[in-house]
Amino acid sequence: MKIGVFDSGVGGLTVVKSLLEHKLFEEIIYYGDTARVPYGIKDKNTIIRYSLEALEFFKNFDIDLLIIACNTVSAYSLEEMKEAAPFDVIGVVEPGVLALKNTIKNKDANILIIGTKATINSKAYEKPLLSNQYTNISAKATSLFVPIVEEALYEGEVLQSTMKFYFNKLEHPDAIILGCTHFPLISQAIADYFHGNCTLIHSGEAIVEYLEHHYSFKKRFKNTELKLFASENPEALRSTAKKWLYNL
């Protein structure tokens, strides 16, 4: 089975890492729209237009499935992409909600959603959680985490100060939905900030859980071929992939 993975930049590589670890696919085609990242500060119509242009890229490959490894695109463009695609398209929001439902049974648990401004403004997570009777939900746009991760500042003073800026007035959460695929790179720091006493919902693991629930995988692949493409500076994407995926 050959799949595509699309993100506005490099953050979707955290989803690729989970897919590689679980050996679900024979080949993964990754495309990051690095020339126009970030999507999280753009308006809805622009996000949809960029997403449909990315879809045209994937039509050049004989893929069976496209994973939208971007919360902003999943929140604003998923239905349009599904209508225009000749293959299955899934986003990260529905798997994230499923993962939280499977992990947090207490409907009164304090749930925090963090993501880009666009993702938070869409209320893409709040709506299905509320419909599933979760009653204590808060959301916080934490857009500064994206460039911090891009600069590989996974720990240290800058990250600590930014977490304090965003989190110091929040009630201690029972669970945090990492509503941006950059955020798993700082998940340990976030967990430590809250003294390890909260559950983190990671898009990559949520996608794997969703795929295994909805698709039948009869074979695991020892070696998955990964092809990386970017709309700008593909060498930088490949360099990031080496660090994030293989710790090189």
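Everything that follows concerns the structure shown earlier in this document.
Residues numbered from 1 in each chain as written. Predicted model: local features only at pLDDT ≥ 70, side-chain atom pairs only at ≥ 80, totals over all residues. Heavy atoms only, no water.

Structural notes on the overall build of the protein
- Scanning the protein for helices and strands turns up 12 helices and 9 strands.
- Scaling as 2.2 N^0.38, a compact globule of 248 residues should have a C-alpha radius of gyration of about 18 Å, and the protein matches this with 17 Å.
- On the principal axes, the C-alpha backbone points of the protein span a range of 50 × 40 × 40 Å.
- When each of the 248 residues of the protein is scored for burial, the buried share is 52%. (Helix = DSSP H or I, 4+ residues; strand = E, 2+ residues; numbered from the N terminus. Rg over C-alpha atoms; globule rule 2.2 N^0.38 Å. Buried < 20%, exposed > 50% of the residue type's maximum accessible area, 1.4 Å probe, protein only.)

Some details on the nonpolar core
- Core analysis: the largest hydrophobic core is formed by 65 residues, its most contacted members being Leu-19, Ile-67, Phe-145 and Leu-211.
- In this structure Ile-67 touches Ile-3, Gly-4, Val-5, Phe-6, Val-15, Leu-19, Ile-90, Ile-207 and Leu-211, once residues within four positions along its chain are discounted.
- Listed in part, the 22 residues of the second largest apolar core include Tyr-39, Ala-54, Leu-55 and Phe-57. (Core = buried A, V, L, I, M, F, W, Y, C linked by side-chain atoms within 4.5 Å. Contact = heavy atoms within 4.5 Å.)

With respect to helix H11 (residues 203–214)
- With 12 residues, H11 extends 16 Å between its outermost C-alpha atoms, agreeing within 8% with the 16 Å of an ideal straight helix rising 1.5 Å per residue.
- Regarding H11, the residues found buried are Ser-203, Gly-204, Ala-206, Ile-207, Val-208, Tyr-210 and Leu-211. (Expected span 1.5 Å × (residues − 1).)

Considering the sheet that holds strand S3 (residues 65–68)
- Taken in spatial order, the 5 strands make up an open sheet running S4-S3-S1-S2-S9, and their pairing is parallel. The open sheet terminates on both sides in strands that have one partner only, identified here as strand S4 (88–90) and strand S9 (225–230). Strand after strand, the sheet turns through a mean of 20° between neighbouring axes, direction not considered.
- Judged from the 6 bridges that link them, strand S2 (residues 27–32) and S9 form a sheet pairing that is parallel. (Pairing = 2+ DSSP bridges. Axes fitted to C-alpha atoms, helices over the stretch in contact; angles between N-to-C directions.)

Things to note about the state of the cysteines
- In total, this model carries 0 disulfides according to the counting rule given.
- Cys-180 supplies the cysteine sulfur nearest to Cys-70, a cysteine that is in no disulfide, at a spacing of 7.2 Å.
- Left without a disulfide partner, Cys-198 is nearest to the cysteine sulfur of Cys-180, which lies 17 Å away. (Disulfide = S-S within 2.5 Å.)

Considering the packing of aromatic side chains
- For the structure on display, the rule yields 18 aromatic pairs.
- Where Phe-145 meets Tyr-166, the ring centres are 5.3 Å apart and the plane angle is 75°; that geometry is what we call edge-to-face. Pair noted here: Phe-145 is in helix H8 (residues 145–150) and Tyr-166 is in helix H9 (residues 157–167), with a separation of 21 residues, a long-range link. Across this residue pair, the class does not change: Phe-145 and Tyr-166 are buried.
- For Arg-36, the ring lying beneath its charged end belongs to Tyr-50, and the centroid distance is 3.7 Å.
- The side chain of Lys-107 reaches across the aromatic face of Tyr-134, ending 5.0 Å from its centre. (Phe/Tyr/Trp six-rings, centres within 6.5 Å; stacked < 30°, edge-to-face > 60°. Lys NZ or Arg CZ within 6 Å of the ring centre and 35° of its normal.)

Notes on the environment of Glu-150
- Structurally, Glu-150 can be placed in helix H8.
- When its relative accessible area of 38% is taken as the criterion, Glu-150 is described as partly exposed.
- Residues Glu-150 and His-182, spaced 32 residues apart in sequence, show a C-alpha to C-alpha distance of 8.1 Å.
- Side chain to side chain, Glu-150 and His-182 meet in a polar contact 2.8 Å long. (Polar contact = N/O pair within 3.5 Å; in protein donor to acceptor, adjacent residues only side chain to side chain.)

Here we look at the pattern of salt bridges
- For the coordinates displayed, the defined rule picks out 10 salt bridges.
- Between Glu-27 and Lys-227 there is a salt bridge; the shortest N-O distance is 3.3 Å. Pair noted here: Glu-27 is in strand S2 and Lys-227 is in strand S9, with a separation of 200 residues, a long-range link.
- You can call Lys-227 partly exposed: its relative accessible area is 31%. (Salt bridge = Lys/Arg side-chain N within 4 Å of Asp/Glu carboxyl O.)

Looking at the packing of helix H5 (residues 93–103) against H11
- Two numbers describe how H5 lies on H11: the axes approach to 8 Å, and their chain directions differ by 85°. Overall, the two elements H5 and H11 adopt an arrangement that is roughly perpendicular. Residues Glu-94, Pro-95, Gly-96, Leu-98, Ala-99 and Asn-102 of H5 lie in contact with H11, whose contacting residues are Ala-206, Ile-207, Glu-209 and Tyr-210.
- Its residues placed into classes, the contact of H5 with H11 shows 6 nonpolar, 2 polar and 2 charged. (Parallel < 35°, antiparallel > 145°, perpendicular 65-115°, else oblique. Nonpolar A, V, L, I, M, F, W, Y, C, P; charged D, E, K, R; others polar.)

Some remarks on the pairing of S2
- The element S2 is extensively covered by neighbouring structure, given that 6 of its 6 residues are classed as buried.
- Residues of S2 alternate between two faces, with Glu-27, Ile-29 and Tyr-31 on one and Ile-28, Tyr-30 and Gly-32 on the opposite face, all of them buried.
- Where strand S1 (residues 2–7) meets S2, 6 bridges bridge the pair, whose relative direction is parallel. By the bridge assignment, Ile-3 is partnered in S2 with Ile-28.
- Crossover handedness for the path S1 to helix H1 (residues 13–22) to S2: right-handed. (Right-handed = clockwise from strand over helix to strand, strands pointing away.)

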